[in-house]
Amino acid sequence: MEKRDVIIVGGGPAGLAAAVQLHKKGVANILILEREHHLGGILRQCIHDGFGLSRFQTALSGPEYAARFIEEVKRCEIPYQTDTTVLEISPEKVVTAASREGLVQYQAKAVILTMGCRERTRGALGIPGERPAGVFTAGVVQAYMNLYNRMPAKEVVILGSGDIGMIMARRLTLEGAHVQAVFEVQPIPSGLPRNIEQCLNDYGIPLYLSHTVTQIHGDSRLTGVTVSQVDEKLRPIPGTEKEYACDTLILSVGLIPENELSIDAGVQLDGRTRGALVDEHYQTSVEGIFAAGNVLHVHDLVDFVSMEAERLADAAALYVTGETLADCPLGIRTDENVGHTIPQRVSGKADFQLSLRVRRMMKDCRVVVRQNGQEVAAKRMKKALPAEMIQFVVRADKLVSQENLEVSVEC
Amino acid sequence: MLREFTCIICPNGCEIQAQLENGVLTSMTGHTCPKGEAYVRQELTDPRRNIATSVRVQGGELPLASVRLTNPIPKDRIFDAMAEIRGISLKAPVEAGTVVIAQILGYESDVIVTKSVALRG
């Protein structure tokens with residue numbers, strides 16, 4: 001069996017950034033396995049701009065952002081194989097994949113999981129009604145329009161205020177479709193404020209909060225949807241139903257880390273993120289298997305994906321050169337305002353980047369990290385939104401003991 | 001008069017309050033960087049936006065190459081710009097960075113390709 005120091009599963013932004021950083025650290029015996037025909041992952045269809053402000057201090061489109069890493073991969077002659085789908089990763093780090101040449105197997109010292117995420121679908125919401133054509137997730141519409149030159153819609157209703165849904169509302173409008181409205185079941189938008197402004201408000205597309213689709217109508221093609229207001233427990237309120245005639249319903253109702261391969265490898269998942277439980281080295285519960293990017297937790301910005309994968313690569317480079325990564329016995333607990341943290345375990349002996357999301361909107365608050373009740377790190381926020389990932393560094397020299405850390409948000 | 005803006009320059013999306021008297025800006029709060037202030041001043045006088053779309057490619061491994069503007073153009077000219085871009089068709093291979101329309105609608109903004117498309121193999 002062919003041996004590799006590192007196999008990277010997925011050639012999207014996380015996998016590409018990890019590969020380039022590993023190469024910089026002197027790890028050359030790498031292989032990126034990508035199931036699509038091209039490297040770049042979902043960025044290839046994200047043609048809008050606004051990527052790269054943190055990582056490159058300039059606004060790029062998705063394809064340009066990806067190209068910066070792809071060119072680097074090619075320049076460094078980092079091996080990659082496209083049209084190759086990984087089928088299985090064993091806890092012993094044997095990676096099995098289906099490629100153009102048939103089944104291939106590699107024995108890796110370390111495996112980096114960078115498979116990204118997928119969209120929640122109609123099935124996950126359980127919307128009652130008929131099953132006509134014309135119900136798509138936002139990313140599927142994005143692929144039709146931006147990759148395959150297909151226009152899938154004329155009269156559109158969007159359910160969910162995720163960023164991709166809002167970006168497709170604008171894209172569809174530019175291409176001549178009529179987007180009637182965006183409905184969001186929650187009382188606050190799930191996407192970024194700038195997208196509400198530049199994708200909806202700019203084009204006069206209304207956003208209705210605390211509303212959801214309660215019926216889908218149509219035989220072969222969608223003919224309309226019923227929309228209802230919901231109460232504070234998100235239950236539809238009888239008597240508030242309104243009919244919207246449309247040929248297309250677009251769902252932008254959340255993303256789920258794509259972890260089927262991780263589960264088979266024995267990697268333990270966090271029920272909150274639906275990604276792996278990781279320590280400060282981004283190492284999962286299986287030694288030598290690492291994870292970063294949207295497969296670990298859904299990010300708001302690709303810049304943070306790249307930077308997370310680069311930190312992962314620093315640790316993975318040490319691991320494959322035989323260094324022992326510090327044990328991480330300290331857990332990170334959260335209060336009811338915090339949805340999750342990455343990492344979930346730390347050593348207490350090194351500085352680490354803490355990433356988290358809040359559960360509800362809070363103004364003029366502080367995110368506080370405590371140990372034995374004592375404050376060891378904090379970040380002041382003018383406004384904390386569930387739509388935004390919050391990140392800051394926790395310094396090891398501020399820690400006061402070998403006890404667990406507690407993260408809370410205080411107003 | 002108080003006007004509120006959501007800054008679109010970066011993902012922070014600052015909420016900026018601008019105080020106007022007889023249409024003249026007198027004070028501003030809520031922005032966290034100079035770009036936010038510049039954004040509001042621009043919005044008050046001449047709101048501009050960038051757009052991203054695609055152009056057809058003949059003989060390429062992909063049917064489309066994505067494009068964007070190098071500088072934002074007035075918001076009310078976006079659909080005029082779309083109409084002009086829609087008329088473009090390129091021959092593969094296409095290189096990212098290629099200018100396909102220089103100074104669209106006479107503005108200091110070029111339409112550039114953002115994705116290279118190789119010849120169909």
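Cut-offs applied
Residues numbered from 1 in each chain as written. Chains lettered and ligands numbered in written order. Predicted model: local features only at pLDDT ≥ 70, side-chain atom pairs only at ≥ 80, totals over all residues. Heavy atoms only, no water. Helix = DSSP H or I, 4+ residues; strand = E, 2+ residues; numbered from the N terminus. Rg over C-alpha atoms; globule rule 2.2 N^0.38 Å. Buried < 20%, exposed > 50% of the residue type's maximum accessible area, 1.4 Å probe, protein only. Contact = heavy atoms within 4.5 Å. Areas by Shrake-Rupley, 256 points an atom, 1.4 Å probe, with all protein chains shown as cover. Lys, Arg positive; Asp, Glu negative; His and termini not counted. Charge placed at Lys NZ, Arg CZ, Asp CG, Glu CD. pLDDT = per-residue confidence, 0-100. Salt bridge = Lys/Arg side-chain N within 4 Å of Asp/Glu carboxyl O. Polar contact = N/O pair within 3.5 Å; in protein donor to acceptor, adjacent residues only side chain to side chain. Expected span 1.5 Å × (residues − 1). Domains from an automatic or database assignment. Core = buried A, V, L, I, M, F, W, Y, C linked by side-chain atoms within 4.5 Å.

**As for the overall build of chain A**
The helix and strand inventory of chain A stands at 8 helices and 27 strands. A globule of 411 residues ought to have a C-alpha radius of gyration of about 22 Å, and chain A, at 22 Å, matches this closely. The principal-axis extents of the C-alpha atoms in chain A amount to approximately 65 × 60 × 40 Å. Across the 411 residues that make up chain A, the buried fraction comes to 60%. Across chain A, contacts joining residues at least 24 apart in sequence account for 62% of those joining residues at least 6 apart. With an accessible surface of roughly 17,000 Å², chain A has 48% of that area assigned to carbon and sulfur atoms. Seen as two clouds, the 44 positive and the 51 negative side-chain charges of chain A have centres 2 Å apart.

**A short note on the confidence of the model for chain B**
Counting all residues, the mean pLDDT for chain B is 95, and 100% of those residues have values of 70 or more. Note on the complex model: pTM 0.95, ipTM 0.95.

**Considering the interface of chain B and chain A**
Between chain B and chain A, the contact holds 33 residues from the first and 33 residues from the second. Joining chain B to chain A, the criterion identifies 5 salt bridges. Between arginine 49 of chain B and aspartate 202 of chain A there is a salt bridge, with the nearest N and O atoms lying 2.4 Å from each other. Linking chain B with chain A are 13 residue pairs in polar contact (both at pLDDT 80 or more).

**Details of the pattern of salt bridges**
Tallied over the entire structure, the rule returns 23 salt bridges over all chains. Ionic pairing is found between arginine 48 of chain B and aspartate 46 of chain B, a salt bridge with its closest N-O pair at 2.8 Å. Accessibility expressed as a relative area gives 24% for aspartate 46 of chain B, which makes it partly exposed. Where salt bridges share partners, they join Asp202 of chain A together with Glu43, Arg49 and Lys75 of chain B into one cluster.

**Concerning unusual backbone geometry**
In this model, isoleucine 342 of chain A is joined to proline 343 of chain A through a cis peptide bond whose omega is -5 degrees. With an omega of -5 degrees, the peptide bond running from alanine 92 of chain B to proline 93 of chain B counts as cis. As for its position among the elements, proline 93 of chain B is in the loop between β8 (89-91) and β9 (99-101). If you check the backbone angles, asparagine 149 of chain A has positive phi at about 60 degrees while not being a glycine.

**Brief notes about helix α5 (residues 163-174) of chain A**
Residue and element names in this part refer to chain A. Here α5 contains 12 residues, and its C-alpha end-to-end distance of 17 Å stays within 8% of the 16 Å for a straight helix at 1.5 Å per residue. With 11 of 12 residues buried, α5 lies mostly within the body of the structure. Following α5 by one or two positions, glycine 176 has its phi on the positive side, about 100 degrees.

**What about the domain arrangement of chain B?**
Each assigned domain of chain B is listed here: domain 1 (2-45) and domain 2 (52-113). Here the C-alpha centroids of domain 1 of chain B and domain 2 of chain B sit 30 Å apart.

**So, the nonpolar core**
A general tendency of soluble globular proteins is for nonpolar side chains to be buried together. With 65 residues, the main nonpolar core has Val6, Ile8, Leu22, Ile89, Ile112, Leu113 and Phe290 of chain A as its most contacted residues. Considering each element in turn, this core owes the most residues, 10 residues, to helix α8 (residues 302-320) of chain A. The contacts of valine 6 of chain A, once residues within four sequence positions are left out, are Leu22, Val27, Asn29, Ile30, Leu31, Ala110, Ile112 and Val320 of chain A. Counting 45 residues, the second largest nonpolar core, distinct from the first, contains Phe136 and Met168 of chain A together with Ile51 and Tyr107 of chain B.

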